[in-house]
Amino acid sequence: MPPTNQELLQRDLATLWHPCTQMKDHEWLPLIPIRRGEGVWLEDFDGNRYLDAISSWWVNLFGHANPRINQAVKEQLDRLEHVLLAGFSHQPAIELAERLVRLTPEGLDRCFYVDNGSSAVEASLKMSYHYWRNTGHPRKTKFITLSNSYHGETLGALAVGDVALYKETYRPLLMQAITAPSPDCYLREAGESWEAHSRRRFEDMERLLENHAEEVCAVIVEPLVQCAGYMRMYHPVYLSLLRKACDRHGVHLIADEIAVGFGRTGTLFACEQAAISPDFMCLSKGLTGGYLPLSAVMTRETIYQAFYDDYQNLTAFLHSHSYTGNPLACRAALASLDIFAHEPILENNRTTAAHMGQAVAHMADHPHVGEVRQTGMILAIELVQDKASKTPYPWQQRRGLRVYQYGLQNQVLLRPLGNVVYFMPPYIITPEEIELMARVACEGIEQACSTP
Ligand SMILES: *Cc1c(COP(=O)(O)O)cnc(C)c1O
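Quantities reported herein were computed from a predicted structural model and do not represent experimental measurements. (Residues numbered from 1 in each chain as written. Predicted model: local features only at pLDDT ≥ 70, side-chain atom pairs only at ≥ 80, totals over all residues. Heavy atoms only, no water.)

**Here's the deal with the domain arrangement of the protein chain**
Argument step 1. Per the domain assignment, the segments of the protein chain are domain 1 (32-65 + 344-450) and domain 2 (70-342).
Argument step 2. For domain 1 and domain 2, the distance between their C-alpha centroids amounts to 27 Å.
Argument step 3. The interface is formed by 34 residues belonging to domain 1 together with 29 residues belonging to domain 2.
Argument step 4. For the domain 1 and domain 2 pair, buried surface summed over both sides reaches about 2,700 Å², with 62% attributable to carbon and sulfur atoms.
Argument step 5. Three residues, Trp58, Arg373 and Thr375, lead the burial of domain 1 against domain 2; their summed loss comes to 22% of the area buried on that side.
Argument step 6. Taken together, the links from domain 1 to domain 2 amount to two salt bridges.
Argument step 7. A salt bridge links glutamate 382 to arginine 232; the nearest nitrogen and oxygen atoms lie 2.9 Å apart.
Argument step 8. One can count 13 residue pairs in polar contact (both at pLDDT 80 or more) joining domain 1 with domain 2.
Argument step 9. Secondary structure elements with two or more residues in the side of domain 1 that touches domain 2: helix 2 (55-58), helix 12 (345-360), strand 13 (369-375), strand 14 (378-383) and strand 16 (420-423).
Argument step 10. No other element matches strand 13, which puts five residues into the side of domain 1 that touches domain 2.
Argument step 11. Looking at the side of domain 1 that touches domain 2 residue by residue, the class counts come to 20 nonpolar, nine polar and five charged. (Domains from an automatic or database assignment. Contact = heavy atoms within 4.5 Å. Buried area = accessible area lost by both parts, 1.4 Å probe. Salt bridge = Lys/Arg side-chain N within 4 Å of Asp/Glu carboxyl O. Polar contact = N/O pair within 3.5 Å; in protein donor to acceptor, adjacent residues only side chain to side chain. Helix = DSSP H or I, 4+ residues; strand = E, 2+ residues; numbered from the N terminus. Nonpolar A, V, L, I, M, F, W, Y, C, P; charged D, E, K, R; others polar.)

Below you can see the structure in the form of structure tokens.
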């Protein structure tokens with residue numbers, strides 16, 4: 001007899017400590033042990049099914065147990081599971097680096113592997129600082145970030161992020177970043193366009209660059225969508241202006257495409273919509289199609305060359321992680337990129353995204369919806385207490401959590417961020433599945449907002 005949900009969750013709660021969770025919630029909120037996945041569906045040990053509307057934390061692109069990626073990983077497993085990447089190399093790492101250089105914006109000709117998103121951010125911060133040090137600018141030690149940004153949970157990544165819920169507790173441990181106001185278009189004036197708002201917000205960034213360029217290594221941004229920051233979105237013009245200003249002031253631009261890369265925003269990389277090339281691009285999450293932890297920092301040959309010297313000069317980037325460039329993970333990434341190469345994914349996503357938009361368009365008129373916004377395959381519905389003033393529900397009421405519970409009772413895994421219900425499904429979601437996802441989300445919102 002296979003175990004039941006109940007048996008497994010009891011054993012789990014006796015031993016595990018789960019990520020991003022107040023464990024006491026599980027006294028009343030059931031933990032769900034998953035037995036298998038297929039396509040957009042997850043199935044628990046009692047046979048209940050859940051449509052994975054959030055791609056298991058934004059990593060899955062082509063469904064669970066994707067036949068093509070499964071096959072590639074199985075073949076790699078019999079050849080080489082892992083080897084260190086210092087002094088040694090292997091075919092999947094080389095092929096993937098070549099592919100990423102070809103696919104990413106122009107000038108990103110070097111690939112440094114890491115093994116998760118936060119670590120990629122850490123590596124890019126260290127590389128930028130170290131580049132300036134190696135090239136005779138040791139006073140550059142600071143970073144500019146956007147308000148409401150998220151770059152991961154390790155101390156360096158947390159320091160350049162700005163989501164209070166994750167950061168505030170640890171503030172005494174963190175290096176100080178310089179924070180520019182986010183171009184977040186939810187905050188635009190009534191009647192103001194996304195573009196006008198994002199342009200106006202850039203004036204503050206320009207001023208910070210003018211005043212601090214001498215001590216700043218890099219500006220780090222999430223291009224187009226601040227995902228963990230409640231799926232807030234902005235106009236690409238901000239990125240074009242930022243690219244020019246960084247060049248003018250001699251400051252690097254780090255694009256954290258960990259969440260938005262690999263087609264999420266409509267283009268393969270979000271930076272393409274502003275026709276810019278950053279100095280560092282951090283990739284993870286969708287990189288392996290959601291199979292295995294892997295990340296990469298893509299950068300320029302000129303930056304690489306600033307570290308390339310005789311050993312005795314001690315300019316090398318002596319940074320490593322044990323599982324850096326793992327062959328199984330690289331092979332999964334190659335299989336995922338093969339799918340992009342052989343099928344019109346971005347084109348199909350335009351239809352899928354339009355369908356998602358249509359399915360919830362009517363929610364814009366709901367008295368407790370402040371905004372329905374969308375960038376490509378990311379759609380967000382912001383719940384508010386008062387529509388006219390966009391006054392949020394007090395966070396203590398946990399309205400989003402009610403939508404989560406309603407979703408689980410009705411076959412859909414939604415995991416709202418605070419009061420923001422969002423869809424970020426695998427790209428293979430069908431029209432019927434979109435209808436189900438949208439209907440359940442709308443009913444869940446209706447119910448969550450029906451009580452005062
Ligand atoms: C998820 C995320 C990270 C952190 O990646 P992990 O693999 O979870 O450490 C960093 N930046 C952005 C934009 C992310 O969404």
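Text resumes after the structure shown.
**Topic: the pattern of salt bridges**
Argument step 1. Counted by the stated rule, this structure contains 26 salt bridges.
Argument step 2. Across the pair arginine 36 and glutamate 43 runs a salt bridge, and its minimum N-O distance is 3.4 Å.
Argument step 3. Put simply, glutamate 443 and arginine 439 hold a salt bridge, and the shortest N to O gap is 3.2 Å. On the criterion of helical spacing, the pair formed by glutamate 443 and arginine 439 is a turn pair, its members being four residues apart in helix 14 (residues 431-448).
Argument step 4. Classification of glutamate 443 by relative accessible area gives partly exposed; the value is 29%.
Argument step 5. Take arginine 439: its relative accessible area is 44%, and that puts it in the partly exposed class.
Argument step 6. It is possible to trace a salt-bridge network through shared partners that takes in Asp184, Arg188, Arg232, Glu371, Arg373 and Glu382. (Buried < 20%, exposed > 50% of the residue type's maximum accessible area, 1.4 Å probe, protein only.)

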